[in-house]
Protein chains: 4
Amino acid sequence: MANTIGKMFSVTSFGSSHGKAVGAVIDGCPANLELNTEDIQKELDKRKPGTSGVTTPRKEEDKVQILSGIFEGKTDGTPITGVVYNNNQHSKDYSMFKNTPRPSHGDYGWMSKYGNYDYNGGGRGSGRITIGHVIAGAIAKKLLKTKNIEIVSQVIQIGDIMAHSNDFDTVKENVEKNSVRCGDLEAAKAMEELILSKKQEGDSIGGIVETVAVGVPAGLGEPVFERLDGDLARILMNINAVKGVEIGFGFDVATSCASEINDEYYIEDNKIYTSTNSSGGIIGGISNGMPIISRIAVKPTPSISKCQKSVNLEKMEAEDITIQGRHDPCICPRATVVAQSSVAIVLADHMIRSGYIHPSNLEI
Amino acid sequence: MANTIGKMFSVTSFGSSHGKAVGAVIDGCPANLELNTEDIQKELDKRKPGTSGVTTPRKEEDKVQILSGIFEGKTDGTPITGVVYNNNQHSKDYSMFKNTPRPSHGDYGWMSKYGNYDYNGGGRGSGRITIGHVIAGAIAKKLLKTKNIEIVSQVIQIGDIMAHSNDFDTVKENVEKNSVRCGDLEAAKAMEELILSKKQEGDSIGGIVETVAVGVPAGLGEPVFERLDGDLARILMNINAVKGVEIGFGFDVATSCASEINDEYYIEDNKIYTSTNSSGGIIGGISNGMPIISRIAVKPTPSISKCQKSVNLEKMEAEDITIQGRHDPCICPRATVVAQSSVAIVLADHMIRSGYIHPSNLEI
Amino acid sequence: MANTIGKMFSVTSFGSSHGKAVGAVIDGCPANLELNTEDIQKELDKRKPGTSGVTTPRKEEDKVQILSGIFEGKTDGTPITGVVYNNNQHSKDYSMFKNTPRPSHGDYGWMSKYGNYDYNGGGRGSGRITIGHVIAGAIAKKLLKTKNIEIVSQVIQIGDIMAHSNDFDTVKENVEKNSVRCGDLEAAKAMEELILSKKQEGDSIGGIVETVAVGVPAGLGEPVFERLDGDLARILMNINAVKGVEIGFGFDVATSCASEINDEYYIEDNKIYTSTNSSGGIIGGISNGMPIISRIAVKPTPSISKCQKSVNLEKMEAEDITIQGRHDPCICPRATVVAQSSVAIVLADHMIRSGYIHPSNLEI
Amino acid sequence: MANTIGKMFSVTSFGSSHGKAVGAVIDGCPANLELNTEDIQKELDKRKPGTSGVTTPRKEEDKVQILSGIFEGKTDGTPITGVVYNNNQHSKDYSMFKNTPRPSHGDYGWMSKYGNYDYNGGGRGSGRITIGHVIAGAIAKKLLKTKNIEIVSQVIQIGDIMAHSNDFDTVKENVEKNSVRCGDLEAAKAMEELILSKKQEGDSIGGIVETVAVGVPAGLGEPVFERLDGDLARILMNINAVKGVEIGFGFDVATSCASEINDEYYIEDNKIYTSTNSSGGIIGGISNGMPIISRIAVKPTPSISKCQKSVNLEKMEAEDITIQGRHDPCICPRATVVAQSSVAIVLADHMIRSGYIHPSNLEI
């Protein structure tokens with residue numbers, strides 16, 4: 001079940017970059033959630049490449065079809081299958097990589113593990129397979145919305161350029177206004193310039209994506225091995241190109257004293273809050289009712305047009321490699337959509353597991 | 001199965017800080033691994049508190065008993081149960097926390113989720129429950145050793161003090177020579193001083209623990225949802241007090257260009273290597289044969305003797321809290337043992353899943 | 001993951017009788033298995049209705065498309081997705097069942113559990129969804145064939161008519177020669193007549209399907225909760241209309257003494273055999289190298305044209321029901337294909353889990 | 001996780017017949033269930049051998065200790081660990097079986113799979129390990145009782161002697177009154193005589209155990225692979241010596257027409273019932289509110305004192321075997337306790353999964 005994640009709300013992903021289709025089967029969504037193709041399509045459109053200079057110029061329509069799981073406009077408790085057929089494939093770009101793995105790209109791992117590897121467009125190692133995540137995430141988001149949970153992801157850093165922090169609603173609004181999907185419009189401009197300059201050099205650049213979920217009740221997460229932060233860390237680290245995951249204060253805790261970062265409690269309107277949120281909404285693996293804050297470190301796209309050293313695995317000799325193709329000079333903007341989808345999947349699963357959403361019928 | 005982790009090599013953890021016992025059931029260890037109590041005890045002793053000024057002065061013997069799974073000195077393929085009975089408990093220290101959650105401690109989450117919460121010593125939210133991790137990790141380490149895989153964890157940062165990097169064998173040796181379990185003996189001294197000064201202030205300090213595994217073959221990890229990095233991120237984030245996880249270059253990828261950090265391939269003695277290892281031994285979720293490098297950010301112990309604001313959940317009113325008890329002024333030194341245990345558990349699981357270790361009998 | 005089964009070789013089923021499609025995602029099939037559409041289609045054709053008087057006259061083409069998981073004619077270790085689009089649907093037949101559950105049919109359970117239920121053709125409760133099982137089973141069978149494991153299912157009883165037992169190869173040949181899929185051609189004739197007479201009466205009849213797997217090595221099955229017989233019992237009982245599962249001597253053990261049915265060991269050509277096989281190839285949950293024998297009791301199709309008492313769930317009052325539609329007068333013939341698919345899925349999973357088939361690459 | 005079963009309410013079993021202990025870790029029981037040692041002990045006492053002529057004369061105290069999971073007399077949502085230390089072991093009885101597997105006993109499977117096998121008393125293949133099932137079942141039963149679900153198992157057949165059927169309460173009362181645990185006191189006498197005569201002959205006899213659960217609401221079970229009947233079939237077939245499982249009419253459906261056995265609906269007091277219950281309370285994999293009825297076929301104890309043919313696996317030559325030891329002449333009486341425990345475990349799991357029992361706190 002390597003391609004399935006989640007216990008009560010689970011996602012099975014399938015497909016590859018240059019095969020017939022990519023998609024996902026979502027199992028465990030309770031019945032009676034209103035859901036149509038458009039709910040999913042609008043999320044896919046945010047992830048779609050070819051919409052600006054900072055992403056790959058590949059034009060993919062990425063039109064989703066729902067094959068199962070909806071009856072009379074609502075989910076019916078059976079598996080929901082969403083499929084996107086692949087259209088715009090340039091397989092000729094890739095034949096040269098058949099025996100020559102691209103540095104820091106998944107090629108070598110797939111080749112050595114499976115023997116038979118679809119090297120075209122990275123096959124199943126391609127970022128394109130996150131279409132399945134986004135399909136599932138769109139459903140999860142809609143499900144969470146019924147309980148007033150909302151999620152937004154934004155790029156908060158590209159290279160040395162950092163975004164100023166903004167409140168949830170401003171970020172939600174601003175990410176739709178710039179191609180980088182940054183919540184700070186000024187920083188967004190600088191980020192865009194930096195990305196384009198790297199693109200010009202035939203290089204690529206990394207960054208950080210932050211995801212905030214508001215409205216999450218206290219009590220999600222089951223210690224000690226199905227903690228909410230552990231489940232988030234897994235699904236986020238599983239996203240292509242991610243090399244680090246943080247919750248709340250993250251790595252800054254290393255240089256902090258408890259007296260500086262402990263989140264003290266207070267009461268307002270008969271509810272419990274913490275005056276700070278360096279815990280990022282999760283303590284001891286369980287949500288505490290404050291916003292859930294996670295961040296991922298996204299590495300620069302490994303496919304660059306600069307010449308790199310590699311090896312020919314058939315001849316077992318050194319071989320230089322230059323990658324043409326059409327690649328994102330920065331993965332972060334599109335990764336925001338995958339990050340928020342991933343967080344939504346984990347939260348939907350835990351909301352059901354913790355008794356906040358009925359497992360089979362939303363109307364109960 | 002919230003307290004079970006692993007697919008083929010799995011660990012079920014049980015027990016609480018001030019209950020009768022803590023322990024773990026390890027299922028899926030193949031038969032014919034030589035194993036005795038001492039193999040486990042020596043790992044537990046590294047985690048044992050009360051051995052220096054930088055850990056809690058609680059004296060716990062932490063003697064393990066094996067209840068099942070060994071026949072004639074070897075594993076027999078059945079579940080291995082290891083138990084440590086609790087002895088040195090000061091339950092009187094904790095009654096004041098019954099209704100008043102300690103800031104940034106698991107209390108509030110456990111109370112709100114389960115209603116009935118053993119607040120004594122943090123109950124199951126206590127760091128003490130990682131004894132189960134260490135029991136399981138000791139078995140995993142011994143199993144991995146049969147395939148020449150070795151793992152070592154060290155403290156690489158406390159507050160602003162950072163260790164210089166050293167080679168694997170030096171680190172392995174040095175961590176046993178200082179109370180901080182740092183691989184750089186000079187830095188260790190400064191770290192120890194910093195921790196003791198924080199202890200003096202009634203405060204605590206965070207840090208970073210790095211784990212390196214050498215000898216891991218290429219091909220571990222199953223994309224897209226059971227990637228090796230995702231599984232590592234989950235088990236590491238699930239450790240108490242961890243707020244961040246990195247693989248390889250980690251968050252430094254955010255400020256890097258691909259041309260700077262891509263790991264280029266070369267051949268030596270007919271084997272494939274990369275000339276750098278910013279990937280930390282994992283690309284595309286699959287190991288590439290290079291050392292597996294992970295880091296965790298460990299927050300300062302939330303239990304400090306300084307006065308903090310909290311709330312009384314019964315009376316629903318503000319209540320200040322001062323925590324006496326006996327607490328580690330820094331979690332990192334003992335967390336190293338839990339980190340390497342956790343990494344060992346994941347690697348053992350994946351070595352079996354990937355066909356490198358026979359699932360039922362080591363002699364096949 | 002209610003629609004996913006299997007640990008290393010896993011199947012996720014989706015779709016409904018009158019929705020757009022039915023199908024399955026098969027995850028964990030190692031790379032380098034030669035596989036094409038025809039391998040799957042030929043199994044689906046055996047299950048296809050409308051081919052004789054003893055099955056429903058619905059004509060369904062049931063043409064499978066493979067959406068993912070094959071590269072250059074071989075599996076590549078990624079999920080294999082097989083889809084059959086639904087064509088021949090008579091939704092008008094079913095509107096009368098919207099609020100009136102058919103006796104002994106899944107309707108009532110689905111209605112009460114999910115609220116929103118696709119009553120057309122039984123929705124996901126339809127036997128039609130076993131197309132997913134057959135797709136997965138075809139792949140499992142091909143995988144097992146590489147290790148010389150073969151499986152055949154036959155009808156051995158319909159009403160009071162029982163088949164004489166025959167050797168494996170004869171059964172394999174004979175089941176293709178008669179519409180009942182019985183291994184005894186004479187009994188097959190009598191069974192066919194009995195079924196047609198029941199059809200004439202507007203009634204239906206039950207029976208027993210036996211599945212034999214030969215070539216299975218000793219050592220499959222992991223006690224105590226993932227025993228081979230337990231896993232077979234689950235997947236077989238999960239088939240629509242099955243009310244009983246037996247291994248080997250089955251319920252006849254109730255009237256037996258150990259001295260009569262114990263399987264004694266002997267040696268031939270330096271291999272271990274048992275002189276009888278009342279254990280059905282599994283003792284203590286683990287295969288012993290003898291043929292694996294299972295049987296399922298299949299109830300008569302609950303949809304019959306005779307008038308039956310039911311209730312209107314909306315009005316909450318009694319309401320008689322007469323079911324027209326086009327239904328199999330006996331489920332057994334088509335159930336043989338589902339039974340052998342199910343057994344194949346479990347065996348494929350356990351062959352990988354037990355180290356007999358490499359988990360990622362058949363060529364290793 | 002071969003020794004773990006259940007998704008939300010899960011059981012991890014450990015231990016062996018002649019090792020230090022047997023037991024189980026129960027994970028997922030919600031907090032605030034009143035539970036003490038006596039609740040478990042009284043169930044273990046029913047399973048305890050040495051209490052009559054129809055069971056083994058081994059005297060085992062089987063005293064359970066709870067190591068974790070209870071706080072102030074109630075469950076606290078953390079794993080509950082129950083352990084029984086082994087005392088009355090006659091290891092000398094077994095050395096002769098080291099290389100000579102007993103016919104129809106698990107020996108050979110364990111030897112061939114694991115290589116290192118604790119042949120003493122059958123090791124983990126022993127019926128003794130069902131103590132773990134009973135510990136878990138006792139907790140599950142107490143949990144179900146809070147929702148008015150009750151379960152009782154009885155022996156309904158030994159050899160050719162069958163019990164007359166009785167209502168639930170009579171059966172519950174009667175099983176405690178006779179050593180065979182049959183609900184029909186007259187049949188019980190005849191069964192006892194038959195068993196004792198087989199014991200006299202150095203032989204053993206099989207039988208059938210029926211389990212009825214009342215009070216189970218409609219809607220448990222998740223098609224298509226986590227159906228309630230499939231989950232019951234798995235856990236029941238996983239019990240030692242079980243060779244068949246039936247739900248409701250079971251194998252009798254083979255000789256039935258739908259018009260004879262379909263369960264028609266009616267309304268009483270505004271609730272839905274069926275006038276018959278040949279479905280055994282489960283249709284289409286989902287419970288329908290009627291009593292859940294299952295039956296298992298239990299083979300005669302394979303360990304008999306009559307001489308049998310076996311082989312010496314070391315010398316690879318024929319070797320006759322005569323088994324002395326102390327064995328049950330019929331497994332059925334004690335199997336009733338294991339059967340009802342197993343059914344309770346599955347129902348507890350599904351009650352949580354279906355939203356009828358809160359997953360973390362009974363008081364919510």
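To be clear, the structure that these remarks concern was listed above.
On a predicted model such as this, the values are computed, not experimentally measured, just so you know.

### Some words on the nonpolar core
Counting 334 residues, the largest nonpolar core has Phe9 of chain A, Phe9 of chain B, Phe9 of chain C together with Phe9 of chain D as its most contacted members. When sequence neighbours within four positions are dropped, the list of residues in contact with Phe9 of chain A reads Ile26, Asp27, Gly28, Cys29, Ala136, Ile139, Ala140, Leu143, Ile345, Ala348, Asp349 and Ile352 of chain A.

### Structural notes on the relation of the copies chain D and chain B
Between the two copies, chain D and chain B, the superposition gives an RMSD of 0.0 Å; the rotation angle is 180 degrees and the shift along the axis is 0.0 Å. Taken together, the rotation and translation relating the two chain copies correspond to the operation of a two-fold axis. When C-alpha positions in chain D are compared against the rotation axis, the closest is assigned to Thr12 of chain D, at 3.8 Å. Here 100% of the contact residues of chain D are again contact residues in chain B; the copies associate through an equivalent surface.

### Focus: helix 5 (residues 185–200) of chain D
At 3.6 residues per turn, the α-helix brings residues three or four places apart onto the same side. All names here are of chain D. Taking 1.5 Å of rise per residue, 16 residues should cover 22 Å, and helix 5 covers 23 Å from first to last C-alpha, within 8% of that figure. Among all positions in helix 5, only Ala187, Ala188, Met191, Ile195 and Lys198 are buried. Buried positions in helix 5, seen along its axis, are confined to an arc of 100 degrees and lie on one side of it. For helix 5, the exposed residues set more than 90 degrees away from the buried face come down to Glu186, Lys189, Glu193 and Gln200.

### Some details on the pattern of salt bridges
The full count for this structure, using the stated rule, is 88 salt bridges over all chains. For Lys7 of chain C, the salt bridge identified is with Glu226 of chain C, shortest N-O distance 2.9 Å. Of this pair, Lys7 of chain C sits in the loop between strand 1 (4–5) and strand 2 (10–15) while Glu226 of chain C sits in the loop between strand 10 (207–214) and helix 6 (228–237); the two residues are 219 residues apart in sequence, bridging distant segments of the chain. In this structure, the salt-bridge partner of Lys198 of chain D is Glu201 of chain D, at a minimum N-O distance of 3.6 Å. Through salt bridges with shared partners, a single ionic network connects Lys7, Glu222, Glu226, Asp231, Asp349 and Arg353 of chain A.

### Regarding the packing of helix 6 (residues 228–237) of chain B against helix 8 (residues 332–353) of chain B
Residue and element names in this part refer to chain B. It is the contact of helix 6 with helix 8, at a shortest axis distance of 9 Å, that shows an interaxial angle of 145 degrees. Between helix 6 and helix 8 lies a crossing whose hand is right-handed. For the pair helix 6 and helix 8, the contacting residues are Leu228, Asp231, Leu232, Ile235 and Leu236 in the first and Ala339, Ser342, Val343, Ile345, Val346, Leu347, His350 and Arg353 in the second. The residue makeup of the contact of helix 6 with helix 8, split by class, is nine nonpolar, two polar and two charged.

### Remarks on the packing of helix 1 (residues 37–47) of chain A against helix 8 (residues 332–353) of chain A
Residues and elements named next belong to chain A. With their axes 8 Å apart at the nearest point, helix 1 and helix 8 run at an angle of 145 degrees to one another. For the pair formed by helix 1 and helix 8, the contact residues are Glu43, Lys46 and Arg47 on the first element and Arg334, Val337 and Gln340 on the second. When the residues that make up the contact of helix 1 with helix 8 are grouped by side-chain class, the tally is one nonpolar, one polar and four charged.

### Re the interface of chain A and chain B
Contacts between chain A and chain B engage 105 residues on the former and 105 residues on the latter. Here chain A and chain B share an interface that buries about 8,000 Å² over both sides, 62% of which is from carbon and sulfur atoms. The largest per-residue losses of area from chain A upon contact with chain B belong to Phe225, Lys243 and Tyr265 of chain A, which jointly make up 12% of the total buried on that side. Across the contact surface, chain A and chain B share zero salt bridges. In this structure, the connection of chain A to chain B is made through 45 residue pairs in polar contact (both at pLDDT 80 or more). A per-class count over the side of chain A that touches chain B returns 48 nonpolar, 34 polar and 23 charged. As paired strands, strand 11 (residues 242–247) of chain A and strand 11 (residues 242–247) of chain B are joined by three bridges and run antiparallel to one another. Across the sheet, residue Val245 of chain A finds its bridge partner in strand 11 of chain B, namely Val245 of chain B.

### A look at the environment of Arg295 of chain D
Along the chain, Arg295 of chain D turns up in strand 16 (residues 292–298). Residue classification places Arg295 of chain D among the buried residues on the basis of a relative accessible area of 12%. Between the alpha carbons of Arg295 of chain D and Val212 of chain D there is a distance of 8.8 Å; along the sequence they are 83 residues apart. In contact with Arg295 of chain D, not counting residues within four places along its chain, are Phe251 of chain C together with Ile156, Ile208, Val209, Glu210, Gly244, Val245, Glu246, Gly248, Phe249 and Gly250 of chain D. A polar contact of 3.1 Å, which involves the side chain of Arg295 of chain D, links it to the side chain of Glu210 of chain D. At 2.2 Å, the side chain of Arg295 of chain D forms a polar contact with the backbone oxygen of Gly248 of chain D.

### What to know about the pairing of strand 18 (residues 317–321) of chain B
One ladder, built from five bridges, connects strand 17 (residues 308–312) of chain B with strand 18 of chain B; its direction is antiparallel. Across the sheet, the residue bridging to Ser310 of chain B is Glu319 of chain B, located in strand 18 of chain B.

### Comments concerning the sheet that holds strand 10 (residues 207–214) of chain D
Pairing within the open sheet is antiparallel, and its 10 strands lie in the order 9(C)-8(C)-10(C)-16(C)-11(C)-11(D)-16(D)-10(D)-8(D)-9(D). Across the chains shown, the open sheet's two edge strands, defined by having one partner strand only, are strand 9 (161–162) of chain C together with strand 9 (161–162) of chain D. Direction of pairing for strand 11 (residues 242–247) of chain C relative to strand 16 (residues 292–298) of chain C: antiparallel, over a ladder of five bridges. Across the sheet, residue Ile247 of chain C finds its bridge partner in strand 16 of chain C, namely Ser294 of chain C. Docked against the sheet, helix 6 (residues 228–237) of chain D engages strand 11 of chain C together with strand 11 (242–247) and strand 16 of chain D, running at close to 155 degrees with respect to strand 11 of chain D.

Rules and cut-offs
- Residues numbered from 1 in each chain as written.
- Chains lettered and ligands numbered in written order.
- Predicted model: local features only at pLDDT ≥ 70, side-chain atom pairs only at ≥ 80, totals over all residues.
- Heavy atoms only, no water.
- Core = buried A, V, L, I, M, F, W, Y, C linked by side-chain atoms within 4.5 Å.
- Buried < 20%, exposed > 50% of the residue type's maximum accessible area, 1.4 Å probe, protein only.
- Contact = heavy atoms within 4.5 Å.
- Least-squares fit on C-alpha atoms with pLDDT ≥ 70 in both.
- Helix = DSSP H or I, 4+ residues; strand = E, 2+ residues; numbered from the N terminus.
- Expected span 1.5 Å × (residues − 1).
- Arc of directions from axis to C-beta.
- Salt bridge = Lys/Arg side-chain N within 4 Å of Asp/Glu carboxyl O.
- Axes fitted to C-alpha atoms, helices over the stretch in contact; angles between N-to-C directions.
- Left-handed = near helix turned anticlockwise from the far one by under 90°.
- Nonpolar A, V, L, I, M, F, W, Y, C, P; charged D, E, K, R; others polar.
- Buried area = accessible area lost by both parts, 1.4 Å probe.
- Polar contact = N/O pair within 3.5 Å; in protein donor to acceptor, adjacent residues only side chain to side chain.
- Pairing = 2+ DSSP bridges.

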